[in-house]
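Below, each chain spelled out in residue letters.
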Amino acid sequence: MSLRIYAIAYLVFLYAPIVLLPIFAFNDGTIISFPLSGFTTEWFSQLWVTKALHNAVQNSLFIAAITAVMSTVLGICAARAGAMYNFPLKRGILGLVMLPLVLPEIIVAVSLLVVVVQFLDLGLSNWTVIAAHVLICTPFSIAILNGAFQNLDPSMEEAAMDLGESRWSAFRLVTLPLVMPGIISSMLIAFTISLDEFIIAFFLTGANPTMPVYIWGLLRFPGSLPIVMALGTLLVGLSIILLTIAEILRRRGMARAGVKDKGGFL
Amino acid sequence: MVSPPLGYALMLLAVPLSAIILFSFWTQNFMDVDTTFTLNNYREIITEPIYFALLKRSLFVSGTVTCVTVLLAFPVAYFVSFHVPAHRKSLWLFLITIPFWTSYLIRVFLWKVILGYNGVVNTGLINLGIIDEPLTFILYNINAVIITLAHAFAPFAILPIFVALEKIDRSLLEASQDLGESKVSTFFRVTLPLSMPGLVAAVLIVFIPTIGDYVTPELMGGAGGKLIANMIQTQFLALNNAPLGAALAIVAMICVTAVSLLFVFLNRRYLRGRS
């Protein structure tokens, strides 16, 4: 019983900052502290007229969309290879691909920055951010897709090939529909991670900042903080929707693959 | 089949990591980079006390955050694994992971609002009559950095422990109690050793990435709470001394890896000592 109370208190601790977001987003005062002064939707309407913000959001959406597709494609390759084939150095190779999960993000950021700027002498752009985001999102995609590929019977694809399908069409007609929920779930998670990622984006962003980099700039100006709260409220709402869809699809994918659900994303 | 992700990881992880190691042996020469091999950056890191102090503080913060996070997380993982009915487990895990995915920057900033001089904690405690003066030891110092990071990395600690606890054969616990162990000693002699792989994973997955976070110390740490990652960031983006920043990043990485390996080694010895 006391454990239950502790677990609930822990959830309160986890949600404390998020609960404050909408409170201050609708608060009619420029200082983010208590007591509250009144209700307003002023900050949300200001979001609509801030041009620089729109550019940053567009950038971030572009980066997140491409990251989602690329990391999921790489995730499919790795999860499929991991589940169906044995090859030399399997553990080492998959370990290297999963490494960004535990690597400090600043290491990923500075090493790519050095390569791009010092060695290749290229400029920074959205594509440098995408390159890094795909790197850190792929392990998450693999973790999700592993669940979908794990119990897939390789003999089903073989049967399709025996019946005259090519290797590709056997994959497309047999395996792909079975793992589809996992694929969409992986894309949504990668999208969410990329949209929210700051540490790497700050180093690798070009002339057009991503949304978190833009928010970082706003945090220095006390006057713009209520707008940040309004933006944050929208973002939290959006991520909760995306994550809920991802979770539902992940469970459906597990059920299709015939795996018993063992819990979360990781 | 594995070659595309492998190729990507080699191109964008292995090559850049090698490049930054090479780069750390070069020096910044005003506007351009001098490519003669030299140990000057490393020599500067060893001789200037500021770097050593930052490194020590960073390792202390990462270590404390890891202890706090894992100790706080274990009972939650235990509760979800042992006391929540099977069909509700996914829901609990989902609830635990949601805050982790949402707007990291704003979440860190909001801790400032919670812990600040006129923040939620202080106004709450004053209104309840528990304190007269706002508490000042919880903002713009290391404590604030530790609280915020412990919050940010919570799910990273809960999930691996939960997975390890789920794998424990429940009949072992019954057997232990049938053989006369109390509930407490069953926990320490059966449950805890069997959950060790998850605990080790949780420690590593919290300890290693926290060293690379510069957002939390920047926003929460004040003047005395800056960490090594802030220094790396400054060397790269403000002071225009990228080779020194690269060397600092490598030194930080080596320290973290050394501590992690030591931890894994000690843990193996502990487990072997028991069996």
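Residues numbered from 1 in each chain as written. Chains lettered and ligands numbered in written order. Predicted model: local features only at pLDDT ≥ 70, side-chain atom pairs only at ≥ 80, totals over all residues. Heavy atoms only, no water.

> Can you help me understand the interface of chain B and chain A in this one?
Reports of interface size often rely on the accessible area that becomes lost once the parts have come together. Across the boundary between the two partners, chain B contributes 74 residues, which contact 81 residues of chain A. Taken together, the links from chain B to chain A amount to zero salt bridges. It is helix α1 (residues 3–23) of chain B that contributes the most residues to the side of chain B that touches chain A, 14 residues altogether. Taken together, the residues of the side of chain B that touches chain A break down into 62 nonpolar, nine polar and three charged. (Contact = heavy atoms within 4.5 Å. Salt bridge = Lys/Arg side-chain N within 4 Å of Asp/Glu carboxyl O. Helix = DSSP H or I, 4+ residues; strand = E, 2+ residues; numbered from the N terminus. Nonpolar A, V, L, I, M, F, W, Y, C, P; charged D, E, K, R; others polar.)

> Just to check I follow, could you spell out the environment of aspartate 28 of chain A for this structure?
Residues and elements named next belong to chain A. Relative to the elements of secondary structure, aspartate 28 occurs in the loop between α1 (2–25) and α2 (42–49). On the basis of relative accessible area, aspartate 28 is assigned to the partly exposed category, the value being 43%. For the pair aspartate 28 and leucine 178, spaced 150 residues apart in sequence, the C-alpha separation works out to 51 Å. (Buried < 20%, exposed > 50% of the residue type's maximum accessible area, 1.4 Å probe, protein only.)

> Would you take a moment to explain the packing of helix α3 (residues 51–84) of chain A against helix α10 (residues 211–218) of chain A for this structure?
When two helices pack together, their arrangement is given by the angle between their axes and by how far apart the axes lie. Residue and element names in this part refer to chain A. The geometry of α3 relative to α10 is characterised by a closest axis approach of 8 Å and an angle of 145 degrees between their N-to-C directions. Across from Ala52, Leu53, Ala56, Val57 and Ser60 in α3, the residues of α10 making contact are Met211, Pro212 and Tyr214. For the contact of α3 with α10, the class distribution of residues is seven nonpolar, one polar and no charged. (Axes fitted to C-alpha atoms, helices over the stretch in contact; angles between N-to-C directions.)

> Honestly, a nonpolar patch on the surface in this entry has me stumped. Any pointers?
A cluster of nonpolar side chains, namely Phe119, Leu120 and Leu122 of chain A together with Leu22 of chain B, defines an oily patch on the protein surface of about 360 Å² accessible area. Positionally, leucine 22 of chain B belongs in helix α1. With a relative accessible area of 39%, leucine 22 of chain B lands in the partly exposed category. (Patch = residues over 30% accessible without salt bridge, like charges linked within 9 Å, V, L, I, M, F, W, Y side chains within 5 Å. Areas by Shrake-Rupley, 256 points an atom, 1.4 Å probe, with all protein chains shown as cover.)

> Looking at this structure, I do not really get the environment of leucine 12 of chain B. What am I missing?
Following the sequence through the fold, leucine 12 of chain B ends up in helix α1. In this structure leucine 12 of chain B comes out as buried when scored by relative accessible area, which is 15%. The contacts of leucine 12 of chain B, once residues within four sequence positions are left out, are Leu112, Ala131 and Leu135 of chain A.

> Explanation requested: the confidence of the model for chain A in the structure shown.
The predicted model of chain A has a mean per-residue pLDDT of 84, with 94% of residues at 70 or higher. At the level of individual helices and strands, chain A shows its lowest average pLDDT in α2 of chain A, which scores 80, and its highest in helix α9 (residues 199–204) of chain A, which scores 91. (pLDDT = per-residue confidence, 0-100.)

> Looking at this model, I keep getting lost on the packing of aromatic side chains. Mind explaining?
Aromatic rings in a pair are described by how distant their centres are and how their planes are angled relative to each other. In total, this model carries 25 aromatic pairs over all chains according to the counting rule given. Note on phenylalanine 202 of chain A and tyrosine 214 of chain B: the rings are 6.3 Å apart at their centroids and 45 degrees apart in plane angle, and the pair reads as tilted. Separated into two different chains, phenylalanine 202 of chain A in helix α9 and tyrosine 214 of chain B in the loop between α11 (196–210) and α12 (215–220) make up a pair that spans both. We note that phenylalanine 202 of chain A, like tyrosine 214 of chain B, is buried. For the pair phenylalanine 203 of chain A and phenylalanine 236 of chain B, a centre-to-centre distance of 6.2 Å together with 80 degrees between the ring planes defines the contact as edge-to-face. (Phe/Tyr/Trp six-rings, centres within 6.5 Å; stacked < 30°, edge-to-face > 60°.)

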